[in-house]
Amino acid sequence: MVMVDDISFPPHITTTKPLSLLGHGITDIEIHFLHIKFTAIGVYIDPEIVAHLQKWKGKSGSELAGDDEFFDSVISAPVDKYLRIVVIKEIKGSQYGVQLESAVRDRLAADDKYEEEEEEALNQIVEFLQVKYFKKDSVLTFSFPATSNTAEIGFSSEGKEEPKTMKVENGNVVETMKKWYLGGTTAYSPSTILSLANALSLELSK
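On a predicted model such as this, the values are computed, not experimentally measured, just so you know. (Residues numbered from 1 in each chain as written. Predicted model: local features only at pLDDT ≥ 70, side-chain atom pairs only at ≥ 80, totals over all residues. Heavy atoms only, no water.)

Draft legend 1. Representation of the overall build of the protein chain. Along the backbone of the protein chain there are 6 helices and 11 strands. Computed over C-alpha atoms, the radius of gyration of the protein chain comes to 16 Å, within 12% of the 17 Å expected from 2.2 N^0.38 for 206 residues, which places it in the range of a compact globule. Along the longest, intermediate and shortest principal axes, the C-alpha atoms of the protein chain span 45 × 40 × 40 Å. Across the 206 residues that make up the protein chain, the buried fraction comes to 50%. The contacts of the protein chain with a sequence gap of at least 6 include a subset with a gap of at least 24, amounting to 66%. (Helix = DSSP H or I, 4+ residues; strand = E, 2+ residues; numbered from the N terminus. Rg over C-alpha atoms; globule rule 2.2 N^0.38 Å. Buried < 20%, exposed > 50% of the residue type's maximum accessible area, 1.4 Å probe, protein only. Contact = heavy atoms within 4.5 Å.)

Draft legend 2. Quick look at the pairing of strand β5 (residues 34-45). Summarising the sheet, strand β4 (residues 18-31) and β5 pair through 11 bridges and their orientation is antiparallel. Directly across from Gly25, in β5, lies its bridge partner Ile41. Linking β4 back to β5 in an antiparallel pair, the connection comprises 2 residues, with His32 at a positive phi of about 50°. The pairing of β5 with strand β6 (residues 81-87) spans 7 bridges and is antiparallel. Bridge pairing links Thr39 to Val87 in β6. (Pairing = 2+ DSSP bridges.)

Draft legend 3. Region of the structure containing the pattern of salt bridges. Enumeration over the complete set of coordinates arrives at 7 salt bridges. Residues Lys37 and Asp5 are paired through a salt bridge, measuring 2.6 Å at the closest nitrogen-oxygen approach. Of this pair, Lys37 sits in strand β5 while Asp5 sits in the loop between β1 (2-4) and β2 (7-9), and the two are 32 residues apart along the sequence. Among the residues examined, Lys37 registers a relative accessible area of 28% and is labelled partly exposed. Residue classification places Asp5 among the partly exposed residues on the basis of a relative accessible area of 30%. Between Lys55 and Glu69 there is a salt bridge; the shortest N-O distance is 2.6 Å. (Salt bridge = Lys/Arg side-chain N within 4 Å of Asp/Glu carboxyl O.)

Draft legend 4. Spotlight on the sheet that holds strand β10 (residues 151-156). Taken together, 7 strands build an open sheet; the order of strands is β3-β4-β5-β6-β9-β10-β11 and the sheet is antiparallel. Where the open sheet ends on each side, the last strands, each with one partner, are β3 (12-14) and β11 (164-168). Averaged over all neighbouring strand pairs, the angle between strand axes comes to 25°, with direction disregarded. Sheet topology places β3 next to β4; 3 bridges connect them, and they run antiparallel. Note that in β4 the partner of Ile13 across the bridge is Leu19. Sheet contacts for helix α4 (residues 116-130): β9 (139-144), β10 and β11; angle to β11, the most-contacted strand, approximately 175°. Strands β4 and β5 of the sheet are contacted by helix α6 (residues 190-205), whose axis makes an angle of about 150° with β4. (Axes fitted to C-alpha atoms, helices over the stretch in contact; angles between N-to-C directions.)

Draft legend 5. Quick peek at the packing of helix α2 (residues 68-76) against α6. Running from N to C, α2 and α6 point in directions that differ by 80°, and their axes come no closer than 12 Å. Taken together, the axes of α2 and α6 lie roughly perpendicular to each other. On the side of α2, the interface is formed by Phe70, Phe71 and Val74, while α6 contributes Ile193, Leu196, Ala197, Leu200 and Leu204. In terms of residue class, the contact of α2 with α6 is made up of 8 nonpolar, no polar and no charged. (Parallel < 35°, antiparallel > 145°, perpendicular 65-115°, else oblique. Nonpolar A, V, L, I, M, F, W, Y, C, P; charged D, E, K, R; others polar.)

Draft legend 6. Molecular detail of unusual backbone geometry. Even without a glycine there, the phi angle at His32 is positive, about 50°. Relative to the assigned elements, His32 resides in the loop between β4 and β5. Take His32: its relative accessible area is 73%, and that puts it in the exposed class. Of note, Asp137 is a non-glycine position whose phi angle comes to about 75°, a positive value. Considering the arrangement of structural elements, one finds Asp137 in the loop between β8 (133-134) and β9.

Okay, here's the thing in structure tokens:
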């Protein structure tokens, strides 16, 4: 198991095929000198992604972490990607949903891609999340299959219940969610991006 801030992440998980834990980190905030950690994130990717990133062979992790073109290639590589997000500090699902919605909406609007279909897809995500309560150790997952521009969002709390899932079928929203979590210098969790850059730098050097 890989420990991320006292939370264990399996080194591999299987979706349609085995994926490796290639990046991990936390989301946090400083408020009045208090350091508050919200979530731990694990990024699982098909190891075959290395074949799509050969252009960056020989670059260090810190160089890659600052290279948004590299992360564009990570996002667009046709391999399965999976995010496992574990709650450290409890939060209402509605708060998380609003944060996700506004980040995705702002990016879509900046790219002139925010239309009724995108709004509808984002509303469905917010509705799915707002009835949840993100207790400590709840798990939120995002599965991005290689073969389609869709995503499946899952949520489970304390392992007692079957995970609830929903499908996101709007390609622009799916792409922008990937960018929020994996988009290099503009991503949600800088520690996750640096970890992912270091791991991919190492894989590329093999």
